[in-house]
Amino acid sequence: KLQFLYLIGSYRAAPPVPPMQPALRAALSALLLFGVAYADGDKDVPPKPKKVAVLGGGLGSIASVYYMTNYTGWEKDWDITVYQMGWRLGGKAATGRTMSDVTGSRILEHGLHMFFSGYDNAFMWVREMFAAWDRPADHPFQTVDDAFKASCNTGVYADMTNLSQPADYAAIEEADPLAAAWECLYTRVPPKLQKAPTPLGAFKAFLRGVADRAPPVLAADLALVLAAVEGVKGAPGEVLRDMLLGTLRPLQTLVKDMVDTVEKNAKAGKTGKALPGLWPPPGWCNAGKTELPETHAACEVFFWRATWMEVTAVIGVLADNTLKNGCGWEPVASDSLTSWLCRHNGPCNLRQDDLVRGLGVDGPFALVNGKLNQANFSIANVLCDGGLMRLGQKVPGMKHTSAAAFAYRMQAGMGEILFTPAYEILKKRGVKFHFFHKVAGLHTTDGETVDAIDVDVQATVAAGAASYDPLFEVQGLKVWPDLSAPAACDGCERFFSQLKERDAVVKQNINLESYYAPWRPVERKRLLVGTDFDIVINGITSGALPYVSQGLAAKNPAWAKFLGTTWGVATVAVQMWLYNTTTELGFKVPAMDPSNPSRTEPMFSSGPEPLDTWADMTHLMKYETSNASATKGGPQTVLYFCSPIEFDTTPGSANFSNASLPALQTERAFHAAAEWMEKHAHEVFPDWAAKGLYESLVAPPHVRGRDRLRYQFLRVNYEPTEQYVLSLGGTIEARPVPWAAKAGDLQPFKNMGVAGSHTRNGINCGAAEAAIASGLMLSHGVTNGRSPRVFKNYGQQNKVHTPSLLPAVGDYYPLAGSEEEALMLAGDTATQAHLQEGACPHGPAAQGGTLVADVVTVPFPRDAVERMLPKDVALADPLENPVPITFSFGSHTSVCNNAKDQAWLDGRAFNLEYDEFAMTIPGVKIRNPKPTQKQTPFTFVHRTYLSDPIAMVVGWSLSMTDKVTARFGHTANNTRAVFDFVNSNETLVSMTATATGNWSRYAAQTDVTAAKQTLGDLLTAPQLGYPEAAPGTGAKLFAVCVDRGADVSGVRVQPIAGTLQTFAGVDVVAPFEFKFDGTSAYRMVANWTMGMPNDCTPVAGELAAAAKEGRDRSEWAAGLPQPVFKTQKPKAKAKTPKRDERTTCEHGPGLGGGGGRNVFDMYFMLAETAVVEKILPEGVRLPKALRALPLTTISWAFLDQIGVCDNSYDPSWLDGRAFVMNYNEFAIMIPDVEIEAQGAGQPSRFFAPRLFLDHIKPTVIGWGFGIDKVLAHFDRDRSAGTWSIQDWNTREEMILVHSKNVSGVIPIPEVPKASKAAHLALRALGLAEGVEPPPGKALGLSGRGYGDDPHGQGFYICCNFEMKMGDHATVQLIEGDLTVRRPIDNGRLLKPFHAPKLIGMRLNSNWTMSYPDDCTPQQNGAGAEQRDAARRDAWVELTQALMAEDA
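Residues numbered from 1 in each chain as written. Predicted model: local features only at pLDDT ≥ 70, side-chain atom pairs only at ≥ 80, totals over all residues. Heavy atoms only, no water.

Colleague: In this structure, what is going on with the state of the cysteines? I would like to understand it.
Modeller: The term disulfide refers to a covalent linkage connecting the sulfur atoms of a pair of cysteines. Applying the stated rule across the entire model yields two disulfides. In this model C342 forms its disulfide with C348; the gap between the sulfur atoms is 2.0 Å. What sets the handedness of the C342 and C348 disulfide is the S-S torsion sign, and at about 90° it is right-handed. On the basis of relative accessible area, C342 is assigned to the partly exposed category, the value being 31%. (Disulfide = S-S within 2.5 Å. Buried < 20%, exposed > 50% of the residue type's maximum accessible area, 1.4 Å probe, protein only.)

See the structure below:
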């Protein structure tokens, strides 16, 4: 097209048109006749993929590229080129290999790299890479668990300087490693994403840990504080905070006195157990360095210092009220961790708390310019934005976490575990890699778009830029070379020979990864937007950005602020290879499992400078080589050390012309290592000196003394690309998000995403998880949510994976390494593959998932079972005594719905993982069924416990079954347990189960087994739901049925044996113990589906088959062992809580359901009656009086819902589950409808075709009432009087209203004088007299099914809705300017429009809502029909009045 336009002179950017030959001119004259059509047409040319320039190959950018190419058809969207400085990928995480004839091939890192237990996004990426990676069958790392092993021996040092000690530093374990061995040693890589804890959830978990190990002098008070905090569901109120602080501050003073006491005792040579109250809890501390007894003073000193910090942290959170107010205010925003603790009377310097130093300084290298007196780690990042609390990982001293291991060690170099598979996968997919391409500058013209990128070609690859081969093989692994010293590299010729500049690079010994290298680029290229790139993924770290993006900073103040406030720190890394083991060197922490050395090798922090952190990394020797003949023996141990080091890292201050700096920094690393060995090695390894301090280092025999260090690995990470990113107080808000996902997200340049740990990614520190999370966030945004569909949400983005409303604690998942785990993950992998494509693979069913469950059948007396059933439900006749009840204990994964099917919940997607315990009664029937209802037996789920409240509410709303949120846990010996959600110490159920046979396919079973008898009840039989109603509420019971399905041919089962116990508190089930074996129990793995709810319409032929099945099942159950029922002690009568404790809901019993207070703006608008009737569901219509009018009044309501709660002590309502919610709501209301089949005399009902809410729990609860509720974002500007409602996923504005008050507040009785329209509206609502009106009726439609759903449009659900008026209800007259910007009912009928002047009113009142019923007309007392008629007359009059005013 452009060539044609160029030839005819219409393409202005082209050079002048050259002279044309006559024949060409004649041809063009003809072409001009249709040239415009040709230029405007060309519809069949497919769009070209967007060109993506990826700058730098670090963790963030490579993770983003991986997911941008991880869905079908990605190549039609993206053309990706990675521009990488030097010869390898990795950035700060890059690994190199020596190629030395003397020392062999050693792994060389930038520091000590591990994945901590909270790195869920990182593990998800690695799991997916290893599944996609094409590698040989004999590759050493066939699975993720081959590549990562749990690290189970982690501790810190107690700084005992100037105290009476054998040394200044003592190694401290939080517990005896042997005591925790069973829990940690065989912990595998986390199998799935865990939800990021909320700040409140993280605070509760932290407080549990503090209370857990409190000594007697503190225990009682801390237990009271914990109980009070556990009871709140939001930020503690002012009164509670004052009470808690009044308890905690005296404790803080006491703890500080304890710190002084134990330090004085240690200095005087006294140790502790003889001193009452000073010794830590039993087994908490292990002074491992010299096998000293438990009374060793270091344990006391460390424990009380740590307790001082922890109590201070609890005080700080409450005093600053960060749980309510966040951290975006002074002084919190600018506080560092140490200044914040000091401000709240805690430890004020690093020597006063070893735990602060280990976690808050040494761990994140949090020293500005590497100086010990400039510690700075943002407390806002710890408490509100990110850090360890958001990761939810296990840390020393914090036992209430879901992780058994503190960290996971890579079994080879980080580059070999992460970047080798990533490179090989992406290369195979078609991503282009241009090594030796250093970014020199980024440019912008308008300050909003990156226009150009300057790239220096450092060296020319002879075969073409994309043809460089960067890898070689060692011990079966593809690895990356270390080419930093070309002249001294023994085996590097294979790499340099690929470069045209080979001779010059080697001769001048040029390090092509160094900014300080005296080397001129071969060529400078300028990449142009629209030609060479469309989108930029900027993976260059913050240390280097000031030197390559000055042009961006000059035009964009936000970018300039980011560059100036995001600092890095230089670090020193030392690796030593020794002839001796750590045990021989005197380190006495016992090895927990000699067969798993990589899991038991120690790792310690907060030790002596200048190398404060060290780890035994001997396990890496397996994939290294050595030359024992050259060094007179091979290594027995590999030690890694790292620490910050002093170096000026002020952004933009480096002088790259100083070519001598690299050698100088290597010498600094050399002297740091020598200083540590000579001054401090004896504190860590008491026997090292006796072995020969330097002689123990592996080196050629002719090398003596300190010079043997030069055969180890020494480096300072001073290069701008190598500095570790700091999280300084007051700087986090200046960081850009990887890719903007919502209004307010900082993305300085619209065509550039930023990847790396320096972004606003929710963790916001230098961790690998932060960098990887940024890459996932970037890809998720760029691909519009296609890839990845789900990832761990740290609070910045990701609306796909909705976080739980309540923090999960100790959730049970299948035991690591078990066969059922592998089977479950296999099913999960298949499901997740569909989810990656944006679909849920459960066909037209409402939802489905993968389940692993232990199923036990217990024979129960018939009379006991009948007591469990609702009063309108009975056992079917074929079931005799006993009745077999199944108890199932399982885990669900990838539970999802068909998000793209607009008929189901308006396409609302969910993807849940949760644990479940269920009690299922087979063979029940409706006692008095309607003629249209099934007469066949159903299954009835008497009680279900779930770990996820979203799954609980979804299940309740769809199937009307009794679901309760609980806590799940597991212990040793395959014992699983369910705990009460509120009182986590109360055990409800426990089960111990072990496999007694092999797995087999269910379809292949021929014997009469437990699976044959009961599996159909759990997976395929229709399920009956029957919600109970509170006495006296008038709510009528009704039945709900759900069809279920499973591919039975794919189900696998395995016999099990063990013990099931229930305890007091499991509803009406008496406590019992049941010992089972393979005759009554089995383990199953299955994919399952659940359909839309229906009204129990019968299916032909079911009755006879069910009768025979019931008789067979009863005969089988009669031969099973009997449960042993326990004597149940009568429960003590619960005390009635005080009203001001906010534990009761003020909206009952009344109608029974729940209620709240609302302030809502209601506008009245005329719509064509014919259109309104099209909006109504099939079988629903307007009443005759309204159908006779050409126009109908509908209302648009914008509501503030306040204090919405349920009757938490009413056991018939959601099993007494309490909630209190505040949320915004928008509703379209058709004020009066009727059900055609019910004819005349039915009550007046209103119908809402669409509601938007900004809170998931009332949204899902609404589904149970058959109401079409959808999540949306609400933006309010009360000063301007505007409401803006935005799409939940895209933040696209859907509805905007501007409100204007036209009156003051008017009492209800005075409304007629002020506004005829408002008075008519109040009459229509039944509110005109200002007294308590009779309940209104809301109509819902459940089971709005698919086209092939045999139950069609489902069934009706009704509920009563009552406005509580009294003397407080008021009205205010308003006018509104309403704009609907896009269709808001999936494009069916509610089109965009603008209504510039709507009449409305603001109503302030209380309300209650009843249980749902089946819409059977009920008696509402004398005069009900007359009141309904009066309401309808008012709607007619209001419509006529609006028509007269031409509204």
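Colleague: Explanation requested: helix α9 (residues 216-230) in the structure shown.
Modeller: A turn of α-helix holds 3.6 residues, and therefore any two residues three or four places apart point the same way. Look at α9: 21 Å from first C-alpha to last across 15 residues, which is about the 21 Å you get at 1.5 Å a residue. The largest bend along α9 reaches roughly 25° and is located at L222. Against α8 (199-212), α10 (238-267) and α11 (297-320) lie the buried residues of α9. (Helix = DSSP H or I, 4+ residues; strand = E, 2+ residues; numbered from the N terminus. Expected span 1.5 Å × (residues − 1). Bend = angle between axes of the 7 residues up to and from the residue. Contact = heavy atoms within 4.5 Å.)

Colleague: Just to check I follow, could you spell out helix α25 (residues 661-684) for this structure?
Modeller: Here α25 contains 24 residues, and its C-alpha end-to-end distance of 32 Å stays within 8% of the 34 Å for a straight helix at 1.5 Å per residue. E678 marks where α25 bends most, by close to 50°.

Colleague: It is not clear to me how the pattern of salt bridges should be interpreted in this structure. Could you clarify?
Modeller: Where charged atoms from two side chains of opposite charge come close, those side chains can pair. The full count for this structure, using the stated rule, is 34 salt bridges. Close ionic contact of D745 with K742 constitutes a salt bridge, the shortest N to O distance being 3.1 Å. On the accessibility criterion, D745 (15% relative accessible area) is buried. On the basis of relative accessible area, K742 is assigned to the partly exposed category, the value being 27%. (Salt bridge = Lys/Arg side-chain N within 4 Å of Asp/Glu carboxyl O.)

Colleague: Looking at this structure, how should I read the sheet that holds strand β13 (residues 450-457)?
Modeller: With antiparallel pairing, the three strands of this open sheet are ordered in space as β12-β13-β16. Each edge of the sheet is formed by a strand with only one pairing partner; in this case those strands are β12 (437-444) and β16 (523-528). Averaged over all pairs of adjacent strands, the angle between their axes in this sheet comes to 20°, without regard to strand direction. Pairing of β12 with β13 involves seven bridges; the strand directions are antiparallel. Within β13, the position partnered with K438 by the bridge is D456. (Pairing = 2+ DSSP bridges. Axes fitted to C-alpha atoms, helices over the stretch in contact; angles between N-to-C directions.)

Colleague: Quick question: what am I supposed to make of the packing of aromatic side chains here?
Modeller: Aromatic ring pairs are described here by two measures, namely the spacing of the ring centres and the angle between the planes. Counted under the stated rule, the structure contains 44 aromatic pairs. With a centroid separation of 5.1 Å and an interplanar angle of 65°, the aromatic rings of F141 and Y623 are classed as edge-to-face. Remark: Y623 occurs in the loop between β21 (613-616) and α24 (628-631) and F141 occurs in the loop between α5 (120-132) and α6 (144-147); sequence separation between them is 482 residues. We note that F141, like Y623, is buried. Pairing W1196 with F1393 gives two aromatic rings, centres 5.4 Å apart and planes at 70°, and the pair type is edge-to-face. Placement of W1196 in strand β43 (residues 1191-1206) and of F1393 in strand β52 (residues 1393-1410) is noted, with a sequence separation of 197 residues between them. Of the aromatic side chains, those joined through ring pairs into one cluster are Y1163, W1196, F1198, F1226, F1252, F1274, W1283 and F1393. (Phe/Tyr/Trp six-rings, centres within 6.5 Å; stacked < 30°, edge-to-face > 60°.)

Colleague: Any chance you could explain the nonpolar core here in plain terms?
Modeller: Side chains of nonpolar character tend, in soluble globular proteins, to be buried together. The biggest cluster of nonpolar side chains holds 141 residues, and the ones touching the most others in it are L59, F115, W125 and F148. No other element matches the 14 residues that α11 contributes to this core. Those residues in contact with L59 that sit more than four places away from it in its chain are G90, A93, W125, M414, L418, F419, A768, A771 and I772. In this structure, W1196, V1297, V1311 and A1324 belong to the second largest nonpolar core, which totals 77 residues. (Core = buried A, V, L, I, M, F, W, Y, C linked by side-chain atoms within 4.5 Å.)

Colleague: Would you mind going over unusual backbone geometry with me for this structure?
Modeller: Most peptide bonds take the trans form, and the phi angle of most residues other than glycine is negative. Residue P610 is reached from E609 by a cis peptide bond, and omega for that bond is 10°. Counting through the fold element by element, P610 comes out in the loop between β20 (603-605) and β21. Put simply, S787 and P788 share a cis peptide bond, and its omega is -5°. In this fold, P788 is placed in the loop between α27 (768-782) and α28 (819-836). With phi around 55°, F365 is a residue other than glycine that occupies positive phi space. One can find F365 in the loop between α14 (354-362) and α15 (379-385). Assessed through its relative accessible area of 11%, F365 is described here as buried. Backbone geometry places N764, a non-glycine residue, at a positive phi of 60°.

Colleague: Help me out: how do you make sense of the side chain of E722 in this one?
Modeller: Tracing the backbone through its elements, the reader meets E722 in the loop between β23 (713-717) and β24 (724-725). Taking relative accessible area as the criterion, E722 reaches 10% and is therefore assigned buried. A distance of 2.8 Å separates polar atoms of two side chains, one belonging to E722 and the other to R715. The residues contacting E722, other than those within four sequence positions of it, are K92, H110, R715, V716 and N717. (Polar contact = N/O pair within 3.5 Å; in protein donor to acceptor, adjacent residues only side chain to side chain.)

Colleague: In this structure, what is going on with the pairing of strand β38 (residues 1072-1076)? I would like to understand it.
Modeller: Going residue by residue along β38, you find F1072, F1074 and F1076 tucked away on one face and E1073 and K1075 left uncovered on the opposite face. In this structure, strand β37 (residues 1052-1062) lies alongside β38, joined through five bridges in antiparallel fashion. Looking at β38, one finds that L1060 is bridged to F1074.

Colleague: What is the right way to look at the packing of α10 against α11 in this model?
Modeller: When two helices pack together, their arrangement is given by the angle between their axes and by how far apart the axes lie. Contact pair α10 / α11: the axes reach a minimum separation of 9 Å and the direction vectors enclose 160°. The angle between α10 and α11 falls in the class roughly antiparallel. In this structure, the crossing between α10 and α11 has a hand that is left-handed. Residues belonging to the contact of α10 with α11 are distributed by class as follows: 17 nonpolar, three polar and six charged. (Parallel < 35°, antiparallel > 145°, perpendicular 65-115°, else oblique. Left-handed = near helix turned anticlockwise from the far one by under 90°. Nonpolar A, V, L, I, M, F, W, Y, C, P; charged D, E, K, R; others polar.)

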